[in-house]
Amino acid sequence: MGEGSEGHEAVRSAFDRFDVDQTGSISRDELGGLLKSLSPEWDDAAIDQMLSTVDLSGDGQIQMQEFLQWIFYDDPGLFQAGELKCFCIEGCSRKDLNGHYVLEQGTKYCGRPVYYCAKTMKYLFFNRRKGKPDQWQVHPELNFRALCRLRTSKEPDSQGPWVVNHGLQDVGGKKTWVWEQEDQMSCREVDLLAEELRASAPPIIHQPLTFGKTGPLGLYRKTDQIFNDRPVYYSQKSKLYIFYQKAQVGKRADGTWGALPDRDKMNRWKRYYYVKETCPAISFSSATQGFSPITATWRTRDGEVLKWTCPDPSKCPERKVKDPDEEDLEPVPAGWKDPDFPHESSSCKSSDQDKEFKWLRAYELSRNLSGDFTATLFGEGTEPADACQGAICNCWLMAAISKLAEYPGVIESLFSPKEASLEGKYEIRLCKEFTGGKTEWTVVTIDDYLPCKYGKPIYAKFHKGKMYVALLEKAIAKLMDGDKQRGRLTFEGKGTYASFFSGGMNNFAWSMMTGLYGYTCYGPPHGEDRAQWQALENLAVTTDPSEEETEELGVLGAGATIQEVELWRCYVKFQKMSGEGPEEGWVPSYILGRRVAKRISKFPWHIYVPEPFEGSYDAKPVEEEWVWEKMMEFDKDNSLVDVSLTYRRSSAELKQDGLLVNHGYTWLHAIEVDGWRMVCLRNPWGRWEYRGPWNDLDDAWDANPAVKAACFKDNYARDDGIFWMEFDDYKYNFKSMTVMPFAVPKRALNSEDEG
């Protein structure tokens, strides 16, 4: 046998050692199995990195040719990915998923290439999750969720049925995620010419969110100019271009500024006052090979990801007569102005005397924030995520609006007109007196001008461009000019945003919006003492788990009892009371979604029934089981529930767990499944969520799939302010519930996606 044959046999033998199932390619599991057997240093992350480096085709397998390059090239950087790849998804019943998905250079997820469609503004990417089948999926964000999926570890154009998510629907009286197999849907690799890619780039792109103190990036139109094979975009208002830069730019060896041919290419989009490869950049995107600026990720200086939209050109036509200092689209005309709510600093809170404030019309803000340049009052309907608090002390109001927004038609009934008004004049019906069984309603008339800074409202935020929360906030501010004690408002129409400084409660806001009064208080479910715990199994005791390095102190024996000193996430700092193990340290209360320690302190519940409008309370003790049954009734009956935090834990300790003292939360749901009692809450900020057990990213969800399904996790891994908490943790952290009976036809179904 010749030397060549021996070499071939050696290579084949090495390849076969990896290719355990003899399919002619090396899978990720086969690669990982052998590498881990060779050295324990090969963890999952290192294996994924190796696979992504060697797998030039991006099919999740190592073919013989790729194996040869891996073996015979000492430097993995010597071989690069091939030409620009593109996959076309077509035939899907959801038209917002069909389109060309182009390779995003330098972006990977689960070790595989990521593809982006400028038309749909969605990603096509590979997802590998522990205990779940490998799949390709489409979603606007790179995370666990999916709008459609193909179960395969190979390329996305592999044979097999695509399954499409049609949202949360009412099936047999139960909320269920509806997934349907679509045999007509397909994904195929296509060869696109640069001309086709340029033609497919959107004619108009718009970025409405704040970019530092410069304001929104604004509206850019595609020009006829081509630079580096990509279209050039231009903003009439900012006088800035967006164009594609290939070369690395910097100071050269001879001291001059220019392209650095010996460096890696930049391959990114940037903004500047003229188009030139070597010019500076006011801002720039991440690396991409896409033919549109929105195929890349843009971030603010604070790391916030900026979202681009692609407006319909018919909704933002160019102005016939261009003002060189204005946006190149027809302006929103001046609206009606309320003489009783002047557009000046006196109408804002006292510390807001800021000359940078500018009063802008909600109609214009909505048009610019909606994504399609259409002003909207309620959009496709109200939802809890609409109520996001701004820079003023009215979390109680936002929490109240958030809860009412669950119910179709309730808030809409307060408004006239019920569509976005070009005139900008709104009449909002509110209850100003609710005493002794008597209710008195009044109509508050407001304009739609709002105080703004850097192009955004400083108070209630706009969610999906909806105006109603900011306008309702303004109307209530105007109404609250009198004594709001004991359900009475002296309405004179002279209130301002400063009215919110005197504080409020959720139930007070609900009374203003529903005319209802009369409530029941449940609590406190505990005393002011720290809880005592019992270990349910042997637990490792460590030093402070919040530190970068921890030290093991021993093992706390099963059955041992401990006194809580402090809590951090799912860990308890303790002093031992009885049993075996160290006298003090930290132990977990949860491990992978399993309770390993329980509270044994018994704190009595009480029900406080207030005498109507007299402020006196008749306290009665009640059993915890009865309280839990009532909580599930509150959810079923659509009752309005106000909750507040305990003062047992310090504000600093609570803040570490994502909870805020002196802050209103919206109580949303209470369910029980597989022995787990779960409570759902929402922070009216629309962010800053609970970080303890069962937080959005906790392993508990995957460890308890039935609980995850029952909670339907439409907010899974999303920073929207909505979070779940186990009932035992809820009753320990929240001191009381105030309940107002409220009946509506049914709760609105959330049609968000889930993966």
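Just so you know, these numbers come straight off a predicted model, no measurement behind them.

Conventions and cut-offs
Residues numbered from 1 in each chain as written. Predicted model: local features only at pLDDT ≥ 70, side-chain atom pairs only at ≥ 80, totals over all residues. Heavy atoms only, no water. pLDDT = per-residue confidence, 0-100. Contact = heavy atoms within 4.5 Å. Buried < 20%, exposed > 50% of the residue type's maximum accessible area, 1.4 Å probe, protein only. Helix = DSSP H or I, 4+ residues; strand = E, 2+ residues; numbered from the N terminus. Pairing = 2+ DSSP bridges. Phe/Tyr/Trp six-rings, centres within 6.5 Å; stacked < 30°, edge-to-face > 60°. Lys NZ or Arg CZ within 6 Å of the ring centre and 35° of its normal. Expected span 1.5 Å × (residues − 1). Arc of directions from axis to C-beta. Polar contact = N/O pair within 3.5 Å; in protein donor to acceptor, adjacent residues only side chain to side chain.

1. Let's talk about the confidence of the model for the protein chain
Low pLDDT means the predicted atomic positions in that stretch should not be read closely. Within the protein chain, residue pLDDT values average 78, and 78% of them lie at 70 or more. Of the regions scoring below 50 in pLDDT, residues 482–491 engages in 32 contacts with residues more than four places distant in sequence or in other chains.

2. Let's talk about the pairing of strand S27 (residues 532–535)
Taking every second residue as pointing to the same face, the buried face of S27 carries Trp 533 and Ala 535, while none of Gln 532 and Gln 534 on the other face is buried. Relative to strand S30 (residues 561–568), S27 runs antiparallel, the two sharing three bridges. By the bridge assignment for S30, Trp 533 is matched with Ile 562. As defined by bridge partners, S27 adjoins strand S35 (residues 597–599) across three bridges and the pair is classed as antiparallel. Across the sheet, the residue bridging to Gln 534 is Lys 598, located in S35.

3. Things to note about the packing of aromatic side chains
The full count for this structure, using the stated rule, is 24 aromatic pairs. Relative to Tyr 730, the ring of Phe 727 has its centre 6.4 Å away and its plane inclined at 25°; by these criteria the two rings are stacked. Here Phe 727 and its partner Tyr 730 are both found in helix H14 (residues 727–733), three residues apart, which amounts to about one turn of the helix. Tyr 730 carries the same exposure label as Phe 727, and that label is buried. Taken together, the ring pairs in this structure connect Trp 605, Trp 628, Phe 727, Tyr 730 and Phe 734 into an aromatic cluster. Its guanidinium or amino end placed over the ring of Trp 179, Arg 149 lies 4.0 Å from that ring's centre, counting from NZ or CZ.

4. With respect to helix H10 (residues 624–636)
Between the first and last C-alpha of H10 there are 19 Å, a value that for 13 residues agrees with the 18 Å anticipated at 1.5 Å per step. Residues Val 627, Trp 628, Lys 630, Met 631, Phe 634 and Asp 635 constitute the buried set of H10. Along H10, the residues classed as buried sweep out an arc of 160° about the axis, all on the same side. Positive phi shows up at Asn 638, right after H10, with a value of about 60°.

5. Some words on the pairing of strand S2 (residues 99–109)
The sheet contact formed by strand S1 (residues 86–90) and S2 spans four bridges and is antiparallel. Residue Ile 89 lies in a different strand from S2, and its bridge partner there is Gly 99. Two elements, S2 and strand S3 (residues 112–117), share four bridges in a ladder whose sense is antiparallel. Within the sheet, the bridge partner assigned to Leu 103 lies in S3 and is Tyr 115. In sequence, S2 turns back onto S3 through a hairpin of two residues, with Cys 110 there showing a positive phi of about 55°.

6. Here's the deal with the environment of Tyr 220
Tracing the sequence through the fold places Tyr 220 in strand S11 (residues 216–227). On the accessibility criterion, Tyr 220 (0% relative accessible area) is buried. Sequence spacing of Tyr 220 and Tyr 234 is 14 residues, and the spatial spacing of their C-alpha atoms is 5.1 Å. Other than its neighbours up to four places away in sequence, Tyr 220 contacts Pro 203, Ile 204, Ile 205, Tyr 233, Tyr 234, Ser 235, Ser 238, Leu 240, Tyr 241, Ile 242, Arg 271 and Trp 308. Side chain to side chain, Tyr 220 and Arg 271 meet in a polar contact 3.1 Å long.

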